[in-house]
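# A structural walkthrough
This is what each chain is made of:
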Amino acid sequence: AAKANPHRRTEFYRTELCEQAERQVALTKLLRKAVSRHQFRAYYQSKHAVDDGRLTGYEALIRWQLDDGVLVSPAQFIPVAEETGLIVEIGRWMLGEVCRQITEWRRLGYAFGRVSVNISGRQLTDPEFVTTVAEIIGRTGVDPSDLELEITESWLMVDPERSTEILQALRGMGFKLSIDDFGIAYSSMNYLKHFPVDIIKVDRSFVRDILTDRDSQAIVSAIIAMGHNLGREIVAEGVETRGQLDMLRSAGCDEAQGYLFSRPVPPEDVERARRMPLRQEAVAS
Ligand code: C2E
Ligand code: MG
Ligand code: MG
Ligand code: MG
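Residues numbered from 1 in each chain as written. Chains lettered and ligands numbered in written order. Predicted model: local features only at pLDDT ≥ 70, side-chain atom pairs only at ≥ 80, totals over all residues. Heavy atoms only, no water.

### Some details on the overall build of the protein chain
A tally of regular secondary structure across the protein chain gives 13 helices and nine strands. A globule of 285 residues ought to have a C-alpha radius of gyration of about 19 Å, and the protein chain, at 20 Å, matches this closely. Overall size of the protein chain, expressed as C-alpha extent along the three principal axes, is 60 × 50 × 40 Å. Put simply, the protein chain has 285 residues, and 47% of those count as buried. For the protein chain, the proportion of contacts with a sequence separation of at least 24, taken over those separated by at least 6, is 68%. When the accessible surface of the protein chain is summed, it comes to about 14600 Å², and 52% of that surface belongs to carbon and sulfur atoms. Averaging the locations of the 36 positively and 42 negatively charged side chains of the protein chain gives two centres separated by 3 Å. (Helix = DSSP H or I, 4+ residues; strand = E, 2+ residues; numbered from the N terminus. Rg over C-alpha atoms; globule rule 2.2 N^0.38 Å. Buried < 20%, exposed > 50% of the residue type's maximum accessible area, 1.4 Å probe, protein only. Contact = heavy atoms within 4.5 Å. Areas by Shrake-Rupley, 256 points an atom, 1.4 Å probe, with all protein chains shown as cover. Lys, Arg positive; Asp, Glu negative; His and termini not counted. Charge placed at Lys NZ, Arg CZ, Asp CG, Glu CD.)

Here it is as structure tokens:
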């Protein structure tokens, strides 16, 4: 029926687009307010060695906390934050918060490994970024090697030469660096060789299909072999089952992260687990 009346269809899409634009404007307004009030929280998801399941660190994942306490997932607001440039300020808050948390966990004597933070390409290419990072490190006194910065492959490929320069500066400051969501953009092997990163994080979509799809399995094995030959460590994200973990182990993957071990949790839960380290580490052994 929609096919029979093209005008009506155009009308429909026009209304859709308007509604979408209005929603975008409303969301931007709310987000701006959240930024000025720092209404965000850092959640943490553990990472584990594939061979024995020991804890190796955490990934910090941002949540937007609404007035009523409801948490909004980053998938719903990071894209808008990137389009409006608000990500620069949100990202600065997040890095500061994670550094504050690290110093607190150090003070409490927890063994939490390395903590990674996601950095948007919009932050990375902000001319103030390196200065901002240096300021946060100086203010909090965190050792940069306690931190890992995750940048997605898709962002790195927007301007690979520029990305390489900024990554080099960050690496020179002592940060560990990783390529996030690897395998879904189109990086050439040549760029991979030049990106000064320590870690490659295999995208969740390959891990999801690793037991059911031969191609995904082949791709994961190839990424692991190639990454190792280039001297990089490989982390698999989105590991949900023991079968997936076993497959990753036989492919030689170094670390894994996913619901099999833990969902992202608030810092209070990390602290509880760090006081009872054996319970968490027993999962995969
Ligand atoms: P990401 O960096 O690839 O983070 C992994 C995402 O996968 C997280 O979603 C995590 O909760 C989810 N995940 C982990 N294990 C599993 C699993 O076993 N199964 C499934 N189905 N999902 C799993 P989350 O927290 O919703 O974050 C989504 C994305 O938002 C992140 O993907 C990252 O790209 C972005 N993001 C999160 N925090 C920040 C931040 O502080 N700054 C920026 N720029 N981006 C962020
Ligand atoms: Mg990440
Ligand atoms: Mg990822
Ligand atoms: Mg991902």
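### Details of the site of ligand 1
In the vicinity of ligand 1, 22 residues are found, and the nearest of them are R63, D180, R204, E240 and Y259. Here Q45 contributes a side-chain N or O atom positioned 3.0 Å from a nitrogen atom of ligand 1. Within the side chain of R63, a nitrogen or oxygen atom sits 2.8 Å from an oxygen atom of ligand 1. Computed on the free molecule, ligand 1 has an accessible area of 800 Å², of which 85% lies beneath the protein chains in the complex. (Near = heavy atom within 4 Å. Polar contact = N/O pair within 3.5 Å; in protein donor to acceptor, adjacent residues only side chain to side chain.)

### Points about the packing of aromatic side chains
Tallied over the entire structure, the rule returns eight aromatic pairs. For the ring pair Y58 and W105, a centre distance of 6.1 Å and an interplane angle of 45° mean the geometry is tilted. On the criterion of sequence distance, the pair formed by Y58 in strand β2 (residues 55-65) and W105 in helix α3 (residues 87-108) is long-range, its members being 47 residues apart. Judged by relative accessible area, which is 2%, Y58 ranks as buried. (Phe/Tyr/Trp six-rings, centres within 6.5 Å; stacked < 30°, edge-to-face > 60°.)

### Looking at the coordination of the magnesium ion (ligand 2)
For the magnesium ion (ligand 2), the full set of protein donor atoms is E59 (OE), N118 (OD1), E150 (OE) and D180 (OD), at a range of 2.0 to 2.2 Å. Along the chain, the residues that donate to the magnesium ion (ligand 2) are spaced as E-x58-N-x31-E-x29-D. For the pair the magnesium ion (ligand 2) and the magnesium ion (ligand 3), the metal-to-metal distance amounts to 3.5 Å, and D180 bridges them. Taken together, the positions of N118 in strand β4 (residues 114-118) and E150 in strand β5 (residues 147-152) put the pair 32 residues apart, joining distant regions of the chain. (Donors = N, O, S within 2.8 Å, 3.2 Å for Na, K, Ca; no water.)

### Some points on the pairing of β2
Among the eleven residues of β2, nine are classified as buried, and the element is accordingly described as predominantly covered. When strand β1 (residues 40-49) meets β2, the two strands line up antiparallel, connected through nine bridges. Note on β2: the bridge partner recorded for H48 is L55. Two successive antiparallel strands, β1 and β2, enclose a turn made up of five residues, where G53 displays a positive phi of approximately 80°. (Pairing = 2+ DSSP bridges.)

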